[in-house]
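Residues per chain, in single letters:
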Amino acid sequence: MNLSIIIPLLNEQESLPELHSWIAKVMNENNFSYEVIFIDDGSTDDSWQTIEQLSAKDSNVKGIRFLRNYGKSQALHAGFAKAQGDVIITMDADLQDSPDEIPELFNMITKGNYDLVSGWKKKRYDSVIGKNMPSKLFNWAARKTSGVQLNDFNCGLKAYKNIVVKNVEVSGEMHRYIPVLAKNAGFAKIGEKVVIHQARKYGSSKFGMSRFINGFLDLITIWFISKFGKRPMHLFGALGVVMFLIGLLSAGYIGIMKLHKIYSHEAAILVTNNPWFYIALTTMIIGTQLFLAGFLGEIILRTKNNEERYKISKELNL
């Protein structure tokens, strides 16, 4: 199979028939063998009923329905697990991503030998203050922190080799950082393509300003995980040992100076009246706690089991 098109959605019943027709038209024009996997992330409208109707008419349409809303990352994770195509395309269901971009994205993966190609909505039709400016700031921070030189991390239109999606673990709200996760997994050839961004035709955006705050927090998380996720002891343990030694040496110095003054018959205050003693003691305690945090992190990594992060109520053609 040439293509798997994965489309997570939440309350997009109005756009689904038009999106399906558009995708089918592009696929037929290019003679692609394909599947379209809609992941209904807990919609409260008739989105699932619409997917069932499309699936009844077109065997290429497949569906996954969550019991409730779990988030875009979980929807992509479920879609990646089921995808069978040589090339995986992800796109949003709101018609702001153009299926006409798919053939070129497919060629960049198959002929250009990219591991991943991310769309870049260079010209946007969103609010300048509400979305464009925060997005530019967010993308700048993501580039500086991750080292992945993309202009638009948030673009939902992306193309992947099948092997990439099968080896990247998408959790939490990390869908924004799949290129970073791919890079950390060893897939170094990451490209970018300017894509058309269309004005929303139906409904309203499901994301507010909070996504940028969450995005920055996730950025810190992914930086930490990429650096120390497999070896937390390397960070917490090292910091703990350093702080403990500083505190221990400081306490030792205070004790030695106290003894020196006693034997020299000089006036000396009680050790417990010396504020530096408490600073040294606090440093030792914090160092011990950091060391234990690293130790516990190592134990958790070695004993954790992969818990189910979402519940699927129905599947179509899968």
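As recorded by an unreviewed UniProt entry, the chain carries the name Glycosyltransferase involved in cell wall biosynthesis and is attributed to Flavobacterium cauense R2A-7.

(A) Seen up close, the overall build of the chain. For the chain, the helix and strand inventory stands at 10 helices and 8 strands. A burial count over the chain gives 45% of its 318 residues as buried. With an accessible surface of roughly 16700 Å², the chain has 59% of that area assigned to carbon and sulfur atoms.

(B) Inspection of the pairing of strand β6 (residues 158-161) at higher detail. Sheet topology places strand β4 (residues 87-90) next to β6; 4 bridges connect them, and they run antiparallel. Each residue of the ladder has a partner; that of I88, found in β6, is Y160. For strand β5 (residues 116-120) and β6, the ladder comprises 3 bridges, and the chain directions are antiparallel. Opposite S118, over in β6, you have K158 as the bridge partner.

(C) Expanded view of the confidence of the model for the chain. Of the residues in the chain, 84% have a pLDDT of 70 or more, and the chain-wide mean is 85. Summarising per-element confidence for the chain, the mean pLDDT is lowest in helix α8 (residues 210-228) (65) and highest in β4 (97).

(D) Structural view of the environment of A159. Within the secondary structure, A159 is located in strand β6. Overall, the relative accessible area of 0% leaves A159 in the buried class. Taking the C-alpha atoms as reference points, A159 and F106, separated by 53 residues in sequence, lie 7.1 Å from one another. Sequence-distant contacts of A159, defined by excluding residues within four places in its chain, comprise V87, I88, I89, L105, I109, D115, L116 and V117.

(E) Structural view of the packing of aromatic side chains. For the coordinates displayed, the defined rule picks out 4 aromatic pairs. Taking 4.8 Å as the distance between ring centres and 55° as the angle between the ring planes, the aromatic pair formed by F32 and F106 counts as tilted. Placement of the pair is F32 in the loop between α1 (16-29) and β2 (34-40) and F106 in helix α4 (residues 102-110), with a sequence separation of 74 residues. Since its relative accessible area comes to 14%, F32 is described here as buried. Residue class for F106 comes out buried when judged on its relative accessible area of 11%. With a centroid separation of 5.3 Å and an interplanar angle of 75°, the aromatic rings of F277 and Y278 are classed as edge-to-face.

(F) Quick peek at helix α2 (residues 47-57). If you check which residues of α2 are buried, you get S47, W48, T50, I51, L54 and S55. Burial along α2 is one-sided: seen end-on, the buried residues are contained in an arc of 155°. What points out from α2, more than 90 degrees from its buried face, is the exposed set Q53, A56 and K57. Contacts from the buried residues of α2 go to β1 (3-9), α1, β2, β3 (61-66) and β8 (312-316).

(G) Region of interest: the nonpolar core. Formed by 35 residues in total, the largest nonpolar core has its most connected members in L3, I5, I7, M27, F38 and I89. Among the elements of the structure, β1, α1, β2, α2, β4 and α4 are those that each provide at least two residues to this core. Per-element accounting of this core gives the leading share, 7 residues, to α1. When neighbours within four sequence positions are excluded, L3 is seen to be in contact with M27, F32, S33, Y34, E35, G85, V87, I89, I102 and F106. In this structure, F66, A75, Y160 and I178 belong to the second largest nonpolar core, which totals 31 residues.

(H) Looking closely at the pattern of salt bridges. The final tally for this structure, using the stated rule, is 8 salt bridges. Here K25 and E29 are joined by a salt bridge, their closest N and O atoms 3.0 Å apart. Highlighted residues: K25 and E29, both in helix α1, separated by 4 residues, approximately one helical turn. Across the salt bridge formed by E35 and K62, the nearest N and O atoms sit 2.6 Å from each other. Here E35 is found in strand β2, whereas its partner K62 is found in strand β3, with 27 residues between them in sequence.

(I) Representation of the packing of α1 against α2 in the model. Running from N to C, α1 and α2 point in directions that differ by 35°, and their axes come no closer than 10 Å. Between α1 and α2 the crossing geometry is right-handed. Of the residues in α2, those touching α1 at L16, P17 and H20 are S47, T50, I51 and L54. Across the contact of α1 with α2, the residue classes tally to 4 nonpolar, 3 polar and no charged.

(J) Quick peek at the sheet that holds β6. One open sheet accounts for 8 strands, arranged β7-β5-β6-β4-β1-β2-β3-β8; its pairing is mixed. Pairing within the sheet leaves two strands with one partner each, and these edge strands are β7 (190-194) and β8. Ignoring strand direction, the axes of neighbouring strands in this sheet form an average angle of 15°. Across the face of the sheet, α2 comes into contact with β1, β2, β3 and β8 while running at roughly 155° to β3.

The rules we used
- Residues numbered from 1 in each chain as written.
- Predicted model: local features only at pLDDT ≥ 70, side-chain atom pairs only at ≥ 80, totals over all residues.
- Heavy atoms only, no water.
- Helix = DSSP H or I, 4+ residues; strand = E, 2+ residues; numbered from the N terminus.
- Buried < 20%, exposed > 50% of the residue type's maximum accessible area, 1.4 Å probe, protein only.
- Areas by Shrake-Rupley, 256 points an atom, 1.4 Å probe, with all protein chains shown as cover.
- Pairing = 2+ DSSP bridges.
- pLDDT = per-residue confidence, 0-100.
- Contact = heavy atoms within 4.5 Å.
- Phe/Tyr/Trp six-rings, centres within 6.5 Å; stacked < 30°, edge-to-face > 60°.
- Arc of directions from axis to C-beta.
- Core = buried A, V, L, I, M, F, W, Y, C linked by side-chain atoms within 4.5 Å.
- Salt bridge = Lys/Arg side-chain N within 4 Å of Asp/Glu carboxyl O.
- Axes fitted to C-alpha atoms, helices over the stretch in contact; angles between N-to-C directions.
- Left-handed = near helix turned anticlockwise from the far one by under 90°.
- Nonpolar A, V, L, I, M, F, W, Y, C, P; charged D, E, K, R; others polar.

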